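# Coordinate analysis (summary)
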Amino acid sequence: MQRRAIFNNRILPYFLLLPQLVITIIFFFWPASQAIYQSVLEQDPFGLRTRFVFLENFQTVLSDPLYIEAIQVTAIFSVSVTLFVMVLALFFAVMADRQIRGAQTYKTLLLWPYALAPAVAAVLWNFIFNPFIGIFGRALNDWGLLWDYKLNGTHALILIVIASSWKQIAHNFLFFLAGLQSIPAAVVEAAMIDGAGAWKLFRSVLFPLISPTTFYLLTINMVFAFFDTFGVIHALTDGGPGRSTTTLMYKVYSDGYVNLNLGQSAAQSVILMLIVSALVWLQFRFVEGKVHYA
Amino acid sequence: MKRTLLVLTLIAVFATIAACAPAPTPAPTAAPPTAAPKATEAPKPTAAPKPTEAPKPTTAAPAPTATTAPRPTVPPGRVKVEFWFGLGKPLGDVLEAIVMDFNKSQDKYYVDAIYKGGYVDTMNAAIAAYRAGKAPHIVQMFEVGTATMMAAKGAIKPVYQLAQETGWNLDPKIYIPAVRGYYSEGDKMISMPLNSSTPIMYYNIDAFKKAGLDPTKPPKTWAETRAAAKKLVESGATKCGLTFEWPTWIHLENFSALHNIPLATKANGMLGMDAELKFNSDLHIRLLQTLMDMAKEGSFKYGGRDGAATVLFPSGECGIIHASSAARARIQRESKFAWGVTYLPYFDDVPGVPKNSIIGGASLWVMNAPGRTADEYKAIAEFFKYISKPEVDARWHQETGYLPITHAGNDKTKADGYYQKNPGADLPYLQLTRTEPTENSLGLRLGNMPQIRIVVYEEWEKAFQGQQTAKQAMDNAVKRGNEILREFEKTYK
């Protein structure tokens, strides 16, 4: 069977592509080009005075020790979130994939957090971990563990890692589970007949077979940690205490939206765009070699 | 398969980045319409505490322009002006009610009040609208945005100029000096005061009694405050002695005013954009050191940035709180104990103290846009005249807990017997007017003030964590703050 579609009409293919192109242009190319344009300008918020400064904004941003600090925070944060999310989600998926009573209930319950908006998740976590009004936060202090994420940077970072991961685990769980369920039962049974224990089965059969899923999730989680965690950070810590939870994304927001420094904020967006593109490229370049596509 | 995956991922990545680009339109980080005013907004009597209720901007939230209620129709033949405001419920309701009454009292003009989210969102919306040539006629802007607005010459029409053009006989003297001064250049009023508050001390009378402290003699000075806080904790009356909300507004900006020391040169920035921060003086360092010592001995608890600490007082956790006068309504509603109010403490060994405190809150700005008519400006002037009337001002003061903006509004409230029924409700006014404002207690006008406040939060938090000394914290804050000011100055050169 020939798989290539042949169009006799010359216009039809472009017509079919049009909706996607329009969306991409309006929601990506246009704002992205605006960001790039803005990043070489120095402008007051009202646009009354504009000066072309070429790469000066980039120079300022990159020589700013606070920006370097934000890079470090982001690195620690994204790696922690990604690891935490994937390990736990994989564990849950492997567990839920077994033949156990009420498996369906577990699966449903594990998916709930995904339905929550990040800010709502943050409010919930605050109810639990707030050192003054949170149930668990108070208990920790009563037990003599001085927990105060409003003043302790490490605590704050731990909290936003947990809160962000909690939301993302559901998403990862779903993909891992789908991956595991697509493995033919025969393969698993064969391994078991050969005498593979649970760990051996997982290590040598299941894990390699779901590697495309793992790879996909790795990329998605990194991107999630970079961009979609703004709501959690904003609602829980506002980037503090000190600057201990100010990630690159949060800095773009606070410089651009709160402080109205459009040029530098735009420059940061462009840098962020480059960093993440590079990360994705690296992942495909080096990690993908170890992935088996079925 | 591989290539598709790569392409898909890249598109996802770029789409996310694109959404994050600071396009002039307030797209992704917009607050939901119900958001309580946040960031550097100072007074919020009934607004939610940050940790529990205040909804925060999220990518999933609806855009701030989404209005829930249908807008009332404009009666035909009226000149309509748009008024964007950033006060959440229930304060925003009072404002809308006042606007409605204005419209009813009119047959010529009509003010259309539109809620635009918190102050930061309202500011961004107004800026984006101005750039698109569709600025609202009036916009409410928080006090720390004053420098940005004043620098935007051409985008705004100063109130004194509006008065001249529309034949409005504006007398600045009817407004309270510490309120008017914040929004004036010399004698010329630039924006119209609306909601102002000032920080005061609230204390838990029940806890004071339990600790053996005399609630009729609340602490006046820092030494007394510290002793009382210590006693509260040691006697087990409360878990924490002292806390405060809006840390920088109260213990940097107001602290400087009370002690008549400069926050910055050039009369705290009022005389020019080349002002330099001066808040690493010995007295400023001494306050931070006192707070650090108190935190160590357990008599003070840092409750977080902005309004995050407010909850600690009504919950009974802390026996004393320094908070906005506008927190009154909330404390009244949520506290299950007797409480009292008094003046903010000061260091009594400084000569000539205490001076008047300064305000926080917001004012109304007139914005220009292509195609504005003289009638529209007249409508704005008419509305400003209306809110300056003693009865309207008194109502605003009594229903919201904000300060009156005019002396007459205060007199009217007194005549109404409101202060007899609500003892202590006149304390903010008394503290604000107890001395003639000096150069150091008139207010401040520093560019990018929201950012400077964040810098101070960061340095203080590091000091409270024991990562640096009080002097290092204040020196760092001044150094970083000055860089921010120079950045601002450069943008407007």
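This one's a predicted model, so the numbers in the text were calculated from it and none came from an experiment.

## Thoughts on empty space enclosed by the protein
Taken as a whole, this structure holds eight cavities of 30 Å³ or more when the rule is applied. Each pocket or cavity is described by its volume, and for the second largest cavity that value is around 160 Å³. Lining the second largest cavity are 17 residues, with Q43, L260 and N261 of chain A together with E487 and T491 of chain B positioned closest to its centre. Looking at the lining of the second largest cavity, the elements that each hand over two or more residues are strand 1 (41-43) and helix 13 (262-287) of chain A together with helix 19 (470-491) of chain B.

## Topic: helix 3 (residues 65-96) of chain A
Spanning 32 residues, helix 3 of chain A covers 46 Å between terminal C-alpha atoms, matching the ideal 46 Å at 1.5 Å per step. For helix 3 of chain A, the side-chain oxygen to backbone nitrogen distance between the N-cap and L66 of chain A is 2.9 Å, and the N-cap itself is D64 of chain A.

## With respect to the environment of Y457 of chain B
Residues and elements named next belong to chain B. In this structure, Y457 sits in helix 18 (residues 449-464). Along the backbone, Y457 and W246 are 211 residues apart, and their C-alpha atoms lie at a distance of 9.7 Å. The contact partners of Y457, leaving out residues within four places of it in the chain, are W246, P247, T248, Y302, R305 and D306.

## Side note on the packing of helix 18 of chain B against helix 19 of chain B
All names here are of chain B. Orientation of helix 18 relative to helix 19, taken along the N-to-C sense of each, is 160°, at an axis distance of 9 Å. Comparing their axes, helix 19 and helix 18 come out roughly antiparallel. Handedness of the helix 18/helix 19 crossing: right-handed. Each of Q451, I452, V455, V456, E458, E459, W460 and A463 in helix 18 lies in contact with helix 19, whose residues at this interface are A473, M474, N476, A477, R480, G481, I484 and L485. Partitioning the contact of helix 18 with helix 19 into residue classes produces ten nonpolar, three polar and three charged.

## What about the environment of Y160 of chain B?
Relative to the helices and strands, Y160 of chain B resides in helix 5 (residues 159-166). Other than its neighbours up to four places away in sequence, Y160 of chain B contacts L170, K188, M189 and I190 of chain B.

## Observations regarding the side chain of N261 of chain A
Inspection of the secondary structure assignment puts N261 of chain A in the loop between helix 12 (248-258) and helix 13. Excluding residues within four positions of it along the chain, N261 of chain A makes contact with D255 and G256 of chain A together with E487 of chain B.

## Here's the deal with the confidence of the model for chain A
Chain-level statistics for chain A give a pLDDT mean of 87 and a share of 96% at 70 or above. When pLDDT is averaged over each element of chain A, helix 3 of chain A comes out on top at 93 and helix 4 (residues 103-111) of chain A at the bottom at 81.

## Section: the packing of aromatic side chains
Per the stated rule, a full pass over the model turns up 39 aromatic pairs over all chains. Ring geometry for Y250 of chain A against Y253 of chain A: centres 5.6 Å apart, planes inclined by 55°, an arrangement best described as tilted. Residue Y250 of chain A and its partner Y253 of chain A are located together in helix 12, separated by three residues, close to a single helical turn. The two residues Y250 of chain A and Y253 of chain A agree in class, both being buried. Look at F313 of chain B and F337 of chain B: their rings are 5.5 Å apart centre to centre, the planes differ by 85°, and that puts the pair in the edge-to-face class. Of the two residues, F313 of chain B sits in the loop between helix 11 (282-297) and strand 10 (318-324) while F337 of chain B sits in the loop between helix 12 (328-334) and strand 11 (339-342), which places them 24 residues apart along the sequence. A single burial state applies to F313 of chain B and to F337 of chain B, both of which are buried. Through successive ring pairs, a cluster of aromatic residues spans W125, F129, F136, W143, W147, Y149 and W166 of chain A.

Quick notes on the rules
Residues numbered from 1 in each chain as written. Chains lettered and ligands numbered in written order. Predicted model: local features only at pLDDT ≥ 70, side-chain atom pairs only at ≥ 80, totals over all residues. Heavy atoms only, no water. 1 Å grid on protein atoms, 1.4 Å probe; cavity = no way out; pocket = protein on both sides within 12 Å on 5 of 7 lines; lining within 4 Å. Points joined across faces, edges and corners; volume = space filled by probe spheres on them. Helix = DSSP H or I, 4+ residues; strand = E, 2+ residues; numbered from the N terminus. Expected span 1.5 Å × (residues − 1). Polar contact = N/O pair within 3.5 Å; in protein donor to acceptor, adjacent residues only side chain to side chain. Contact = heavy atoms within 4.5 Å. Axes fitted to C-alpha atoms, helices over the stretch in contact; angles between N-to-C directions. Parallel < 35°, antiparallel > 145°, perpendicular 65-115°, else oblique. Left-handed = near helix turned anticlockwise from the far one by under 90°. Nonpolar A, V, L, I, M, F, W, Y, C, P; charged D, E, K, R; others polar. pLDDT = per-residue confidence, 0-100. Phe/Tyr/Trp six-rings, centres within 6.5 Å; stacked < 30°, edge-to-face > 60°. Buried < 20%, exposed > 50% of the residue type's maximum accessible area, 1.4 Å probe, protein only.

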